[in-house]
Amino acid sequence: MKIKEIIVVEGRDDTTAIKRAVDADTIETNGSAVSEDTINKILHAQEKRGVIVLTDPDYPGERIRKIISEKVPGCRHAFIKKTDALPKRGRGIGVEHASPEVIRDALNHAHVIESLQKEEITKDDLVTAGLIGHPKAKERRERLGEVLRIGYTNGKQLHKRLIMFEISRGQFSKALKLILQEEENA
């Protein structure tokens, strides 16, 4: 599978994992600071071929994603679940631990962030759904991020991400129904 866009990852091990999964070029941020030089490379890549951001499903990965989103508009974003980013043995979490199948699936479902975004799901909807202020809120948000392929977020970030990825009320309702059914059957 050949990927036209350049994939932004955190480090060399992530690049190795990407190359095992697909034929693609990468840019490595080498840490969560994201230098001005790296931002310039990503801007150039976005102009020439497009960019897909695939960072680790953890706080530093989200920080990198946010910095890139602010400075390089129009990037596509791919997400992997935390459970798919755990090492077979040892510690840590990252893209480098994901299987080639998981990486290909994430890249196939990369989202484009549109500049004109409208709010379909309100913060009140999130409270009503038990995604904020509920004993199972964290687990529900984590599962919602997996089902909608938008990654895990805290309550405040969830609202922004639903808007950012233009998740419709129908998509949200369908995902929430699945999550609640899974809870009932557990």
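Going by the structure above, here's the rest.
In this report, the structure presented in the accompanying data block is examined. (Residues numbered from 1 in each chain as written. Predicted model: local features only at pLDDT ≥ 70, side-chain atom pairs only at ≥ 80, totals over all residues. Heavy atoms only, no water.)

**Thoughts on the pairing of strand S1 (residues 6-9)**
Okay, so step 1: Taking every second residue as pointing to the same face, both faces of S1 are buried, with Ile6 and Val8 on one and Ile7 and Val9 on the other.
Okay, so step 2: Note that S1 and strand S2 (residues 26-28) share three bridges and pair parallel. What sits directly across from Ile7, in S2, is Thr26.
Okay, so step 3: In this fold, the crossover linking S1 to S2 by way of helix H1 (residues 12-21) has right-handed handedness. (Buried < 20%, exposed > 50% of the residue type's maximum accessible area, 1.4 Å probe, protein only. Helix = DSSP H or I, 4+ residues; strand = E, 2+ residues; numbered from the N terminus. Pairing = 2+ DSSP bridges. Right-handed = clockwise from strand over helix to strand, strands pointing away.)

**Some remarks on the pattern of salt bridges**
Okay, so step 1: Under the definition given, this model contains 13 salt bridges.
Okay, so step 2: Across the pair Glu183 and Lys136 runs a salt bridge, and its minimum N-O distance is 4.0 Å. Note that Glu183 is positioned in helix H8 (residues 169-185) and Lys136 in the loop between helix H5 (123-128) and helix H6 (137-148), a separation of 47 residues in sequence.
Okay, so step 3: For Glu183, a relative accessible area of 26% corresponds to the partly exposed category.
Okay, so step 4: Notably, a salt bridge pairs Glu146 with Arg143, separated by 3.0 Å at the nearest N-O pair. Here Glu146 and its partner Arg143 are both found in helix H6, three residues apart, which amounts to about one turn of the helix.
Okay, so step 5: On the accessibility criterion, Arg143 (25% relative accessible area) is partly exposed.
Okay, so step 6: Ionic contacts of the salt-bridge type, sharing partners, join the residues Glu62, Arg65 and Arg161 into one network. (Salt bridge = Lys/Arg side-chain N within 4 Å of Asp/Glu carboxyl O.)

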